[in-house]
Each structure stands twice: as structure tokens, then as C-alpha cells.
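Fold and contact review
What follows is each chain in one-letter form.
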Amino acid sequence: MTPTSPIFTIGYEQTPARAVLDELEHAGVKLLVDVRAVTSSRRPGFSKNQLAASLDGRGIAYLHLRGLGTPKQGRLARRSGKFDVLREIYTAHLRTPQAREELDELSALVRRSGPVCILCYERDHRYCHRRWIAELIKDRVGVEIENLTPARF
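Treat the numbers as computed from the prediction; the structure is a model and nothing was measured. (Residues numbered from 1 in each chain as written. Predicted model: local features only at pLDDT ≥ 70, side-chain atom pairs only at ≥ 80, totals over all residues. Heavy atoms only, no water.)

**Quick word on the overall build of the chain**
- A tally of helices and strands in the chain yields six helices and five strands.
- Shown N-terminal to C-terminal, the secondary structure of the chain runs as helices and strands in the order β-α-β-α-β-α-α-α-β-α-β.
- Relative to its length of 153 residues, the chain is compact, with a C-alpha radius of gyration of 14 Å against a globular reference of 15 Å.
- Dimensions of the chain, computed from C-alpha atoms along their principal axes, come out at roughly 40 × 35 × 25 Å.
- Across the 153 residues in the chain, those meeting the buried criterion constitute 46%.
- Considering only contacts within the chain whose residues lie at least 6 apart along the sequence, 76% involve residues at least 24 apart.
- For the chain, the exposed area adds up to about 8000 Å²; of that, 47% sits on carbon and sulfur atoms. (Helix = DSSP H or I, 4+ residues; strand = E, 2+ residues; numbered from the N terminus. Rg over C-alpha atoms; globule rule 2.2 N^0.38 Å. Buried < 20%, exposed > 50% of the residue type's maximum accessible area, 1.4 Å probe, protein only. Contact = heavy atoms within 4.5 Å. Areas by Shrake-Rupley, 256 points an atom, 1.4 Å probe, with all protein chains shown as cover.)

**With respect to the side chain of Arg 130**
- When you line up the elements, Arg 130 lands in helix H6 (residues 130-141).
- Although Arg 130 is buried, it makes no salt bridge; Glu 122 carries the closest opposite charge, 4.9 Å away.
- Of note is the side chain of Arg 130, whose polar atom sits 3.3 Å from the side chain of Thr 9.
- Not counting the four nearest positions on each side in its chain, Arg 130 is found in contact with Thr 9, Ile 10, Gly 11, Val 35, Ile 118, Cys 120, Glu 122, Arg 123, Asp 124 and His 125. (Lys, Arg positive; Asp, Glu negative; His and termini not counted. Salt bridge = Lys/Arg side-chain N within 4 Å of Asp/Glu carboxyl O. Polar contact = N/O pair within 3.5 Å; in protein donor to acceptor, adjacent residues only side chain to side chain.)

Below you can see the structure in the form of C-alpha cells.
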């Protein structure tokens, strides 16, 4: 059986936690997969424990797959605007055993868990590693990708 739900992606840059939670709930997301290497955040509501508790209050499960996060050198390349370098670094990172294992885990979750959303910081999915994760899942599982953009307020 092929999943009918798309794989969603969302970034929280310049967005309050409530707007992200509202967007996830509106889309019918059942599982949020955090693909940040570092789950602490200066933005209120987005550190791992706070986020997981807020999601739980809305009936959305939380999973952190640290191995799919961008390694430090990739985060530095992104901050410097070197998106091509980020892609090279992240492509190499995806060949690590932990990243491969977690990509397999995510693929299985998308197949069986209903609507899944990948979360990272960058608002624009075109400049975030979650784009490549979603594309790999699309190829593996046969789902479409829907990039959510919560309202800024």
C-alpha cells in the first residue's frame, strides 16, 4: 500500500511557535520529525523539550533524528551563503552510517505513520537540508512533498 499523505516540511525562522503549531495541526500532521543537529533554540518554544510538550498538547508526536541534522561545517557554510558547499557537505554526511540508518527509519515512518512533517530552522525550504531529505523520501516511498509556510505574526 502506497501512502497517500504527502511528506510535509516546515521551518520556523521568523515565526512564533504558535503559528508553526497551528500550521501543523491544520495540515493534519501526526508526527513531527526534527532534523536539526542541535535542538536548542534561541526562539521561544523551539527547544526540544518545549517543542515536544507543545506538540503533545495538540496530539502530534515528536521525534528527533539528530543523524539527519546538518554537521557544523554545513551550518557554517549555510550562514555564509555558500549553499553549493552546504549541499556537498550534506551529501557526504548522508553517507554516514547514522544518517543512512535514520533515513531508513524516516522512510518507514512515512510509510506507516500517517502525515509526517520534517522540521528545521530555515523558513525557505529551498535553502535548507530538509529539502534534500524530503526529495529522498519522495523517491523511496513515492509520496509528494508539501512545504508548509506558517504565518509570521
